[in-house]
Amino acid sequence: GLSKEKEKRDGDGVKNSFWVYDIKHNRWTCIYKNDRSDRDIFVQSLPATPGTANQQGKGFQEQPCPRYAHQLVYDTTHRVHYLFGGNPGNASDPKMRLDDFWSLRLCRVSQSDIMRRCRFLVRKCRFQEMAGQDILMALRYIQTAILEVVDQANEVQVQEVCKQNH
């Protein structure tokens, strides 16, 4: 879970990490860790609803701020983790309690999406080689070979192809 290291307080004291325990192998594995100490990535003064502007208008929260003494549960039916509240470890207000609510749904990438991405990366590399020699041939290559492996619903992939075109 998310933890507070009491003995090693470095000013922040609270770190973000997510660990999974493998019962079969009796082993913990860290699947997410954020050691950043700059508080600008976390809007802590007033909790906000995830994905919306906070009450002070400082921006958007994309992830919960580091905390301890929180509630974290897993819904096995819907395969969703829920996180509520906790203490952000704010030195100026040590009794501050968060009342925010977050959900986390982990999704497994399909084999076909992995293969499509691999084909895209190989073809992107080939395009870059071609662009240095014959730009017209490279542009035709984008139209024929690259666009067929781009997920048109994925805006990031479409933008990546557009960047290659310039």
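Computed from a predicted model, the values in this text were never measured in an experiment.

Novice: So what about unusual backbone geometry? Which residues, and what values?
Specialist: With phi around 60 degrees, Ala69 is a residue other than glycine that occupies positive phi space. Topologically, Ala69 is positioned in the loop between β3 (27-34) and β4 (71-75). Among the residues examined, Ala69 registers a relative accessible area of 41% and is labelled partly exposed. Phi at Arg79 is positive, roughly 55 degrees, even though this residue is not glycine. Mapping Arg79 onto the fold places it in the loop between β4 and β5 (80-86). Overall, the relative accessible area of 60% leaves Arg79 in the exposed class.

Novice: How would you sum up the side chain of His81? Please name residues and give values.
Specialist: In this fold, His81 is placed in strand β5. A residue is classified by how much of its surface remains accessible, and His81, at 16% relative accessible area, is buried. Those residues in contact with His81, other than ones at most four positions away along the chain, are Phe18, Leu72, Val73, Tyr74, Trp102, Ser103, Leu104 and Leu106.

Novice: For a nonpolar patch on the surface, give the residues involved together with the corresponding values.
Specialist: Together, Val20, Ile31, Tyr32, Leu104 and Leu106 make up a nonpolar patch on the protein surface, roughly 420 Å² of accessible area in all. Mapped onto the elements of the fold, Val20 is located in strand β2 (residues 14-22). Of the residues examined, Val20 reaches a relative accessible area of 37% and is grouped as partly exposed.

Novice: Run through helix α2 (residues 135-146), naming residues and quoting values.
Specialist: Taken together, the buried positions of α2 are occupied by Ala138, Tyr141, Ile142, Ala145 and Ile146. Mapping the buried residues of α2 onto a view down its axis gives an arc of 115 degrees, with all of them on the same face. Those residues of α2 that are exposed and aimed more than 90 degrees away from the buried face are Leu136, Gln143 and Thr144. Sitting at the amino-terminal end of α2 is Asp134, which places a side-chain oxygen 3.3 Å from the backbone nitrogen of Leu136.

Novice: Which residues make up the sheet that holds β4, and what values do they have?
Specialist: Read across the sheet, three strands follow the order β4-β5-β6 without closing on themselves; strand pairing throughout is antiparallel. Either end of the sheet is taken by a strand with one partner, and the two such strands are β4 and β6 (98-104). Across the sheet, the axes of successive neighbouring strands diverge by a mean angle of 15 degrees, strand direction being ignored. For β4 and β5, the ladder comprises five bridges, and the chain directions are antiparallel. Considered in β5, the bridge of Val73 is made with Tyr82.

Conventions and cut-offs
- Residues numbered from 1 in each chain as written.
- Predicted model: local features only at pLDDT ≥ 70, side-chain atom pairs only at ≥ 80, totals over all residues.
- Heavy atoms only, no water.
- Helix = DSSP H or I, 4+ residues; strand = E, 2+ residues; numbered from the N terminus.
- Buried < 20%, exposed > 50% of the residue type's maximum accessible area, 1.4 Å probe, protein only.
- Contact = heavy atoms within 4.5 Å.
- Patch = residues over 30% accessible without salt bridge, like charges linked within 9 Å, V, L, I, M, F, W, Y side chains within 5 Å.
- Areas by Shrake-Rupley, 256 points an atom, 1.4 Å probe, with all protein chains shown as cover.
- Salt bridge = Lys/Arg side-chain N within 4 Å of Asp/Glu carboxyl O.
- Arc of directions from axis to C-beta.
- Polar contact = N/O pair within 3.5 Å; in protein donor to acceptor, adjacent residues only side chain to side chain.
- Pairing = 2+ DSSP bridges.
- Axes fitted to C-alpha atoms, helices over the stretch in contact; angles between N-to-C directions.

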